[in-house]
Amino acid sequence: MTTYTIAMIGDMLVATFVDGDDTMMNERISETLDQIDHGREKIHDITLKAGLTLYRTVEEAEDAGAEIVYQGCDMGWLVDEHGWAKYAAAGLVK
């Protein structure tokens, strides 16, 4: 099963990428930083949370017994390795 890392600045989701894929991580974080006002000098303010599973709904995550780490909202969309933003939650399976 593919697991993911999310990059966050405070409560804002910056990027979602496959665990260990540094190329995808750098591309997706750079894309977001290019679009927001934080600029690249703030990259040290990014928090990474790894080992997550993406779920289509919050209920699906809860049914799997996952600890929900992030819920999709207007603060960023969860995107898988194919570029699909069809996920509402990212969670750690206990």
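Conventions and cut-offs
- Residues numbered from 1 in each chain as written.
- Predicted model: local features only at pLDDT ≥ 70, side-chain atom pairs only at ≥ 80, totals over all residues.
- Heavy atoms only, no water.
- Helix = DSSP H or I, 4+ residues; strand = E, 2+ residues; numbered from the N terminus.
- Polar contact = N/O pair within 3.5 Å; in protein donor to acceptor, adjacent residues only side chain to side chain.
- Contact = heavy atoms within 4.5 Å.
- Core = buried A, V, L, I, M, F, W, Y, C linked by side-chain atoms within 4.5 Å.
- Buried < 20%, exposed > 50% of the residue type's maximum accessible area, 1.4 Å probe, protein only.
- 1 Å grid on protein atoms, 1.4 Å probe; cavity = no way out; pocket = protein on both sides within 12 Å on 5 of 7 lines; lining within 4 Å.
- Points joined across faces, edges and corners; volume = space filled by probe spheres on them.
- Nonpolar A, V, L, I, M, F, W, Y, C, P; charged D, E, K, R; others polar.
- Patch = residues over 30% accessible without salt bridge, like charges linked within 9 Å, V, L, I, M, F, W, Y side chains within 5 Å.
- Areas by Shrake-Rupley, 256 points an atom, 1.4 Å probe, with all protein chains shown as cover.
- Salt bridge = Lys/Arg side-chain N within 4 Å of Asp/Glu carboxyl O.
- Lys, Arg positive; Asp, Glu negative; His and termini not counted.
- Charge placed at Lys NZ, Arg CZ, Asp CG, Glu CD.
- Expected span 1.5 Å × (residues − 1).
- Arc of directions from axis to C-beta.

What to know about the side chain of Arg 28
When you line up the elements, Arg 28 lands in helix α1 (residues 22–35). A polar contact is formed between the side chain of Arg 28 and the backbone oxygen of Thr 16, at a distance of 2.6 Å. Once you skip the residues sitting within four places of it in the chain, Arg 28 turns out to touch Val 14, Ala 15, Thr 16, Phe 17, Val 79, Asp 80, Glu 81 and Gly 83.

A look at the nonpolar core
Counting residues in each nonpolar core, the largest one holds 22 residues, and the members touching the most others are Ile 6, Ala 7, Val 14, Phe 17, Ile 29, Tyr 70 and Leu 78. Every element with two or more residues in this core is listed here: β1 (4–9), β2 (12–18), α1 and β3 (47–55). With 6 residues, the single largest contributor to this core is β2. With sequence-adjacent residues up to four places away left out, Ile 6 is seen in contact with Leu 13, Ala 15, Thr 16, Thr 47, Leu 48, Lys 49, Leu 52, Val 69, Tyr 70 and Leu 78. Core analysis: the next-biggest nonpolar cluster, separate from the first, contains 5 residues, Tyr 55, Val 58, Ala 61 and Ala 89 among them.

Description of the layout of surface pockets
Volume-wise, the largest pocket comes out at about 240 Å³. Counting residues per element, the ones that place at least two in the lining of the largest pocket are β2 and α1. At 5 residues, the largest contribution of residues to the lining of the largest pocket is made by β2. By residue class, the composition of the lining of the largest pocket is 8 nonpolar, 3 polar and 2 charged.

A closer look at a negative patch on the surface
Together, Glu 59, Glu 60, Glu 62 and Asp 63 make up a region of like negative charge exposed at the surface. Take Asp 63: its relative accessible area is 70%, and that puts it in the exposed class.

Regarding the side chain of Thr 53
Tracing the backbone shows Thr 53 in strand β3. Residue classification places Thr 53 among the buried positions, given a relative accessible area of 8%. Residues within four places of Thr 53 in sequence aside, it is in contact with Met 1, Ala 89, Ala 90, Gly 91 and Val 93.

Some words on α1
Between its terminal C-alpha atoms α1 stretches 20 Å, which fits the 20 Å expected from 14 residues at 1.5 Å a residue. For α1, the complete set of buried residues consists of Met 24, Met 25, Arg 28, Ile 29, Thr 32 and Leu 33. With its buried residues spanning 150° around the axis, α1 presents them on a single face. Facing away from the buried surface of α1 by more than 90 degrees, the exposed residues are Thr 23 and Asp 34. Its buried side turned inward, α1 meets β1, β2 and β3.

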